[in-house]
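# Chain and residue survey
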Amino acid sequence: MSAVPVDHGAPLEAYGREVAGCARCRLSQGRTQVVFGAGNPHADLMFVGEAPGFHEDKQGLPFVGQAGKLLEKLLAGIGLQRSDVYIANVLKCRPPGNRDPQPDEIEACESHLFRQIDLIEPTVIATLGNFATKLLSGRPLGITRVHGQEQSTTLAGRRLLLYPLYHPAAALYTPAMLKVLESDFARIPELIGSAIPELAPDPAPELTLVATPTLPAEQLGLF
Ligand code: SF4
């Protein structure tokens, strides 16, 4: 008997409609709209950035400004397009003046991200910058220390690889960082291809839908 394929698209879309009305934190007051995420609901590769900026807030899509263009260029370099991957942020609403996300905002919003991971079931999550990396790894190590080093972990009850990368917005104006980002990016196809045993022992702390620690603001800077 052949297995019936699971359609992750419809539940993800339904969840997006639900989050569109979210008012769990103060960011609901200044946003134009919730930027839920976009891309392939069946993606093996998911990117998680920080928060929507000006253009994202206006258009309702993640990574549509200059950083988005760079992300698309980097994806093209490994033979992928936006439509092949799923892109989301830690926060779904724009912080005023693009300030850093606050710990209570991350805490209020993180269950939306974990639900997305649960529904998409990616094999690899590339975290872009410090906020996503620290939230999903549950560790305080900054992106400068951990970029390009994949970590096997369990998120939303699934084994997957976490792959921290510099945030494209930071790399835009720092040529040395861009070079590192390009070189880290080049390893993504290899990581997607590497199998992760479902029941392998996990040396990393187990993260669940609701029990992820929120780190203090000073530990969550961009670099
Ligand atoms: S940032 Fe997240 S928790 Fe806050 S209002 Fe937006 S969707 Fe809700």
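Residues numbered from 1 in each chain as written. Predicted model: local features only at pLDDT ≥ 70, side-chain atom pairs only at ≥ 80, totals over all residues. Heavy atoms only, no water.

## Examining the overall build of the chain
What counts, and what does not: Helix and strand assignments follow DSSP, with helices taken as H or I runs no shorter than four residues and strands as E runs no shorter than two, numbered in order from the N terminus. Under the scheme applied here, a residue whose accessible area is under 20% of the maximum for its type counts as buried, over 50% as exposed, and between as partly exposed, the area being computed with a 1.4 Å probe on protein chains only. Two residues form a contact once any of their heavy atoms are found within 4.5 Å.
Helix and strand counts for the chain stand at 9 helices and 6 strands. Here the chain holds 223 residues, and 50% of them are scored as buried. Put simply, 75% of the contacts in the chain that link residues at least 6 apart link residues at least 24 apart.

## Considerations on the packing of helix α3 (residues 66–77) against helix α8 (residues 175–185)
Packed helices, taken two at a time, are described by the angle their axes make and the gap between the axes. Condition: Between the N-to-C directions of two axes lies an angle of 0 to 180 degrees, each axis being a line fitted to C-alpha atoms and, for a helix, fitted only over the stretch in contact. Throughout, the term roughly parallel applies to angles under 35 degrees, roughly antiparallel to angles over 145, roughly perpendicular to angles from 65 to 115, and oblique to all others. The handedness criterion is simple: a crossing whose near helix is rotated anticlockwise from the far helix by less than a right angle is left-handed, and one whose near helix is rotated clockwise is right-handed. Each residue is assigned to one of three groups, with Ala, Val, Leu, Ile, Met, Phe, Trp, Tyr, Cys and Pro labelled nonpolar, Asp, Glu, Lys and Arg labelled charged, and all others, Gly among them, labelled polar.
Where α3 meets α8, the axes come as close as 10 Å, and the angle between the chain directions of the two elements is 40°. Viewed along their axes, α3 and α8 adopt a mutual orientation that is oblique. In this structure, α3 meets α8 at a crossing whose hand is right-handed. Between α3 and α8, the residues in contact are Leu 70, Leu 71, Leu 74 and Leu 75 and Leu 178, Leu 181, Glu 182 and Phe 185, respectively. For the contact of α3 with α8, the class distribution of residues is 7 nonpolar, no polar and 1 charged.

## Re the sheet that holds strand β1 (residues 38–39)
Working definition: the strands of a sheet are paired by backbone hydrogen bonds and lie parallel or antiparallel to each other. In plain terms, the rule: The rule for pairing is simple: two strands pair if DSSP sees at least two bridges between them.
Pairing in this open sheet of 6 strands is mixed, and the strands run β1-β3-β2-β4-β6-β5 from one edge to the other. Across the chains shown, the open sheet's two edge strands, defined by having one partner strand only, are β1 and β5 (151–155). For β1 and strand β3 (residues 86–89), the ladder comprises 2 bridges, and the chain directions are antiparallel. Paired with Gly 39 across the bridge in β3 is Tyr 86. Contacting β2 (45–49), β4 (124–128), β5 and β6 (158–165), helix α5 (residues 130–137) crosses the sheet at an angle of about 135° to β4.

## Details of the confidence of the model for the chain
Selection criterion: Per residue, pLDDT measures the predictor's confidence, with a range of 0 to 100.
On average, residues of the chain score 88 in pLDDT, and 83% of them are at 70 or above. Here residues 199–223 is a poorly scored stretch, pLDDT under 50, and it has 64 contacts once near neighbours within four places are set aside; other chains count.

## With respect to the site of the ligand
Rules: Proximity is defined per residue: if any heavy atom of the residue lies within 4 Å of a molecule or strand, that residue is considered near it. In this analysis, the protein atoms alone were mapped onto a 1 Å grid. Cavities are point sets where a 1.4 Å probe fits without being able to get out; pockets are open sets with protein on both sides within 12 Å along at least five of seven lines; lining residues have an atom within 4 Å of a point. To qualify as sitting in a cavity or pocket, a molecule needs more than half of its atoms within 2 Å of the grid points.
Residues in close proximity to the ligand include Cys 22, Arg 24, Cys 25, Ser 28, Arg 31, Lys 92, Cys 93, Ala 108, Cys 109 and His 112, which together make up its full environment. Among the cavities detected, the one that contains the ligand is the largest cavity.

## Notes on the nonpolar core
Most often, soluble globular proteins keep nonpolar side chains buried together rather than apart. We count it as follows: In this text, buried Ala, Val, Leu, Ile, Met, Phe, Trp, Tyr and Cys residues form a nonpolar core when linked through side-chain atoms within 4.5 Å.
Of all hydrophobic cores here, the largest spans 33 residues; its most connected members are Met 46, Val 48, Tyr 86, Ile 117, Ile 125, Leu 136 and Leu 155. Mapped by element, the contributors of at least two residues to this core are α1 (9–19), β2, β3, α4 (103–120), α5 and β6. With 8 residues, α4 is the single largest residue contributor to this core. Leave out the neighbours within four places in its chain, and Ile 125 touches Met 46, Val 48, Ile 117, Leu 136, Leu 155, Leu 160, Leu 161, Leu 162 and Tyr 163.

## A short note on the pattern of salt bridges
The condition that has to hold: Any carboxyl oxygen of Asp or Glu within 4 Å of a side-chain nitrogen of Lys or Arg constitutes a salt bridge here.
Applying the stated criterion across every chain, the model contains 9 salt bridges. Asp 118 serves as the salt-bridge partner of Arg 115, at 2.6 Å between the closest nitrogen and oxygen. Highlighted residues: Arg 115 and Asp 118, both in helix α4, separated by 3 residues, approximately one helical turn. Residue classification places Arg 115 among the partly exposed positions, given a relative accessible area of 32%. Between Glu 190 and Arg 187 there is a salt bridge, with the nearest N and O atoms lying 3.3 Å from each other. Connected through shared salt-bridge partners, Arg 26, Arg 99, Asp 104 and Glu 105 make up one network.

## Overview of the packing of α1 against α4
Here α1 crosses α4 at 165°, and the two axes come no closer than 10 Å. Taken together, α1 and α4 sit at an angle that is classed as roughly antiparallel. Crossing angle aside, the handedness with which α1 passes α4 is left-handed. Where α1 approaches α4, its residues Pro 11, Leu 12, Tyr 15 and Val 19 are matched on the opposing element by Ser 111, His 112, Arg 115, Gln 116, Leu 119 and Ile 120. When the residues that make up the contact of α1 with α4 are grouped by side-chain class, the tally is 6 nonpolar, 3 polar and 1 charged.

## What to know about the layout of surface pockets
Just so we agree on the cut-off: Grid points are joined across faces, edges and corners, and a volume is the space filled by probe spheres set on the points.
If you add up the space inside the largest pocket, you get close to 510 Å³. What lines the largest pocket is a set of 22 residues, among which Ala 51, Gly 53, Asn 98, His 167 and Ala 169 lie closest to the centre. Where the lining of the largest pocket is concerned, the elements lending two or more residues are α2 (54–59) and α3. With 3 residues, α2 is the largest single contributor of residues to the lining of the largest pocket. In terms of residue class, the lining of the largest pocket is built from 11 nonpolar, 7 polar and 4 charged.

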